[in-house]
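Survey of secondary and tertiary structure
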Amino acid sequence: MKKNIDNFKMFYLSFLGKAVSNILSQKILNLWKPINNSRIAAIGFCSPYLRSINKKTQRTFFLVPSSHGLHHFDVNNKNLTVSVNEYILPIDDLSLDRLLVIHSFEFLTDHNKFLREAWRSLDKNGEILIVVPNSFGLWRPYYKNNLSSLRTFSFSELNSLLLNNFFTPINFSNSLFFPPINNQFILDRANIFEKASKSFLKFFSGVIIVRARKNYSTAILKEKKIIKRKVMQKIRS
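All of these numbers come straight from a predicted model, not from anything done at the bench.

Reading guide: rules and limits
Residues numbered from 1 in each chain as written. Predicted model: local features only at pLDDT ≥ 70, side-chain atom pairs only at ≥ 80, totals over all residues. Heavy atoms only, no water. Core = buried A, V, L, I, M, F, W, Y, C linked by side-chain atoms within 4.5 Å. Buried < 20%, exposed > 50% of the residue type's maximum accessible area, 1.4 Å probe, protein only. Contact = heavy atoms within 4.5 Å. Phe/Tyr/Trp six-rings, centres within 6.5 Å; stacked < 30°, edge-to-face > 60°. Lys NZ or Arg CZ within 6 Å of the ring centre and 35° of its normal. Helix = DSSP H or I, 4+ residues; strand = E, 2+ residues; numbered from the N terminus. pLDDT = per-residue confidence, 0-100. Pairing = 2+ DSSP bridges. Right-handed = clockwise from strand over helix to strand, strands pointing away. Salt bridge = Lys/Arg side-chain N within 4 Å of Asp/Glu carboxyl O. Arc of directions from axis to C-beta.

Overview of the nonpolar core
- The biggest cluster of nonpolar side chains holds 38 residues, and the ones touching the most others in it are Val20, Leu24, Trp139 and Phe178.
- Those residues in contact with Trp139 that sit more than four places away from it in its chain are Phe11, Leu16, Val20, Leu176, Phe178, Pro179, Pro180 and Gly206.
- Core analysis: the next-biggest nonpolar cluster, separate from the first, contains 29 residues, Ala41, Leu99, Ile128 and Ile208 among them.

A word on the packing of aromatic side chains
- This structure, assessed with the given rule, holds 14 aromatic pairs.
- Residues Phe105 and Phe114 carry aromatic rings whose centres are separated by 6.1 Å and whose planes lie at 65 degrees to one another, so their mutual orientation is edge-to-face.
- Chaining the aromatic ring pairs together yields one cluster made of Phe8, Phe11, Tyr12, Phe45, Tyr49, Phe107, Trp139, Tyr142, Tyr143 and Phe178.
- Cation over ring: Arg189 sits above Phe185, and NZ or CZ is 3.7 Å from the ring centre.

Section: unusual backbone geometry
- The backbone phi angle of Leu94 is positive, close to 55 degrees, even though this residue is not glycine.
- Along the polypeptide, Leu94 turns up in the loop between strand 3 (79–84) and strand 4 (96–102).
- Judged by its relative accessible area of 32%, Leu94 is partly exposed.
- Backbone geometry places Leu176, a non-glycine residue, at a positive phi of 65 degrees.
- Residue Leu176 is classed as buried on the basis of its relative accessible area, which comes to 1%.

Notes on the confidence of the model for the protein
- Of all residues in the protein, 83% attain a pLDDT of 70 or more, and the chain-wide mean is 85.
- Here helix 9 (residues 216–236) stands out as the element of the protein with the lowest mean pLDDT, 54, in contrast to helix 4 (residues 111–121), whose mean of 97 is the highest.

Details of the pairing of strand 5 (residues 122–133)
- When you tally the buried positions in strand 5, you get nine out of 12 residues, the bulk of the element.
- As paired elements, strand 4 and strand 5 share six bridges and run parallel to each other. In the sheet register, Leu100 faces strand 5, and the bridge partner there is Leu129.
- Once the chain exits strand 4 it traverses helix 4 before rejoining the sheet at strand 5, and the crossover so formed is right-handed.

Describing the pattern of salt bridges
- Applying the stated criterion across every chain, the model contains eight salt bridges.
- The residue Asp6 makes a salt bridge to Lys9 at a minimum N-O spacing of 4.0 Å. Of this pair, Asp6 and Lys9 are both found in helix 1 (residues 5–13), three residues apart, which corresponds to roughly one turn of the helix.
- For Lys9, a relative accessible area of 31% translates into the label partly exposed.

A closer look at helix 1
- Along helix 1, the positions that sit buried rather than exposed are Ile5, Asn7, Phe8, Phe11 and Tyr12. Buried residues in helix 1, looked at end-on, bunch into an arc of 155 degrees, giving them a common side. Those residues of helix 1 that are exposed and angled more than 90 degrees off the buried face are Met10 and Leu13.
- Contact partners of the buried residues in helix 1: helix 2 (15–31), helix 3 (47–53), strand 2 (59–65) and helix 5 (140–146).

As structure tokens, then:
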């Protein structure tokens, strides 16, 4: 199936999509408390989730990857929607407090370049929250076949990507422990699956959610070391 924003719209109109958005919206709010007066941007297909946080923020930017197609989302006049190139975000340096990435990271071809751009856009203590399909989860075939995901991720892969791009992971979470079937009986009990899941079941969750903080001092220190090394090389030459 070709990636198209209509696939996401159809998914979130279904019973399955509504169950997913309800569960993940609560997870996001719990992980990101408090968000009052925060400057937040969300990239990917995030409209089902922004509705629950937009009222509490100073301003919310909805960034739709141009490869997804066009989508208009307008909860109220505090929301700004724009089609973007994920690797060149139209956001000033240090201008965001939080960045939500959902239905985006799994479609990227250069994760390092995107994370460096996210790092640039976030304030010194800014945070990024990424939701991705789990490599070992029950939802892996669904993401690939129904949502055209390019890849899935493990805990170790996400951890390495973030650390290598000057982010410090501060929380790993799991969600979607119920099977991806559009069955009303099961979906009405989706929260029971979430609450009943044991620690060993986290490896089979549908998605991994990672919250990470921008590591400003490490990046600046590394940059100073690089500049110092270049200066010393010029002196010696």
